[in-house]
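An overview of the molecular structure
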Amino acid sequence: MTTKGDITKQQVTDSRAGLTWVEDLIKQYAAETHILERYRDSLDIDTPGAAEEAETVSGMLADMRYALTWMRRGRRPGSRRGAERTDVYRQRELLIKLAAAEMTIDERLRLTEALLTLSERERTCFLLHMAQGLTLQEISDKLGVTKRSAQEYVARARDKISKQLL
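No experiment lies behind these values; they were computed from the predicted model shown. (Residues numbered from 1 in each chain as written. Predicted model: local features only at pLDDT ≥ 70, side-chain atom pairs only at ≥ 80, totals over all residues. Heavy atoms only, no water.)

1. Here's the deal with the overall build of the protein
The number of helices and strands found in the protein is 8 helices and 0 strands. Reading the secondary structure of the protein in the N-to-C direction produces α-α-α-α-α-α-α-α. A sequence separation of at least 24 residues applies to 51% of the contacts in the protein between residues at least 6 apart. Accessible surface computed for the protein: about 12,000 Å², of which carbon and sulfur atoms make up 57%. (Helix = DSSP H or I, 4+ residues; strand = E, 2+ residues; numbered from the N terminus. Contact = heavy atoms within 4.5 Å. Areas by Shrake-Rupley, 256 points an atom, 1.4 Å probe, with all protein chains shown as cover.)

2. Focus on the nonpolar core
The biggest cluster of nonpolar side chains holds 7 residues, and these are Cys125, Leu128, Leu134, Leu136, Ile139, Ala150 and Val154. Each residue touching leucine 128, except ones within four places of it in the same chain, is listed here: Gly133, Leu134, Ile139, Lys142 and Leu143. In this structure, Leu115, Leu118, Phe126 and Ala157 belong to the second largest nonpolar core, which totals 6 residues. (Core = buried A, V, L, I, M, F, W, Y, C linked by side-chain atoms within 4.5 Å. Buried < 20%, exposed > 50% of the residue type's maximum accessible area, 1.4 Å probe, protein only.)

3. Section: the environment of alanine 155
Relative to the assigned elements, alanine 155 resides in helix H8 (residues 147-165). For alanine 155 and phenylalanine 126, which are 29 residues apart along the polypeptide, the C-alpha to C-alpha distance reads 8.3 Å.

4. Let's talk about the pattern of salt bridges
Scanning the model with the defined rule gives 6 salt bridges in all. Through salt bridges with shared partners, one network takes in Glu122, Arg156 and Lys160. (Salt bridge = Lys/Arg side-chain N within 4 Å of Asp/Glu carboxyl O.)

5. Observations regarding the side chain of arginine 123
On the secondary structure map, arginine 123 appears in helix H6 (residues 120-130). Assessed through its relative accessible area of 19%, arginine 123 is described here as buried. At 3.1 Å, the side chain of arginine 123 forms a polar contact with the backbone oxygen of leucine 118. In this structure, arginine 123 is in contact with Leu115, Leu116 and Leu118, ignoring residues within four places of it in sequence. (Polar contact = N/O pair within 3.5 Å; in protein donor to acceptor, adjacent residues only side chain to side chain.)

6. A few points about helix H7 (residues 136-143)
Those residues of H7 that fall on the buried side of the exposure criterion are Leu136, Ile139 and Ser140. The arc that holds the buried residues of H7, viewed along the axis, is 100 degrees, so those residues lie on one side. Of the residues in H7, the exposed ones pointing more than 90 degrees away from the buried face are Asp141 and Lys142. Elements that come into contact with the buried residues of H7 comprise H6 and H8. (Arc of directions from axis to C-beta.)

7. Here we look at helix H2 (residues 21-42)
The terminal C-alpha atoms of H2 lie 32 Å apart, and with 22 residues this matches the ideal 32 Å at 1.5 Å per residue to within 8%. Inspection of H2 places Asp24, Ile26, Ala30, Glu32, Thr33 and Leu36 among the buried residues, and these make up the whole buried set. (Expected span 1.5 Å × (residues − 1).)

Geometry only, nothing functional implied.
Encoded structure:
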């Protein structure tokens, strides 16, 4: 593991090399991942305490790999889209547009009524997908339905809402 003094020396070296803070963070995560892998491999999994420790370290490694993938790709791992609907830049842009074009009370009532016409499952899938930006696979895992069912719920919800609002 690195100490506070080592990180400072490393940061000075990296700043001279022209690394951005993200590249520096990726480098640090990759180095620490290798250290954790060596530590996990050194554990004797035949003893109960070491087996539990190895399981904990494996969870940490999975989280670190997920974060590394996210940082390297610039988007959520597992997503096939080139750009996320939920990325910070798009959210900020949408918030600015929505702030400039406030909804009237009538529009809010119409939207609420449209959402209330949906079944509970349609509404849940629609809001998870459109408002929270979850993928259909994530919705299916969360709700215990097939991916095709989640897709069908979202499609039906879109149809019903568009008919109500138009």
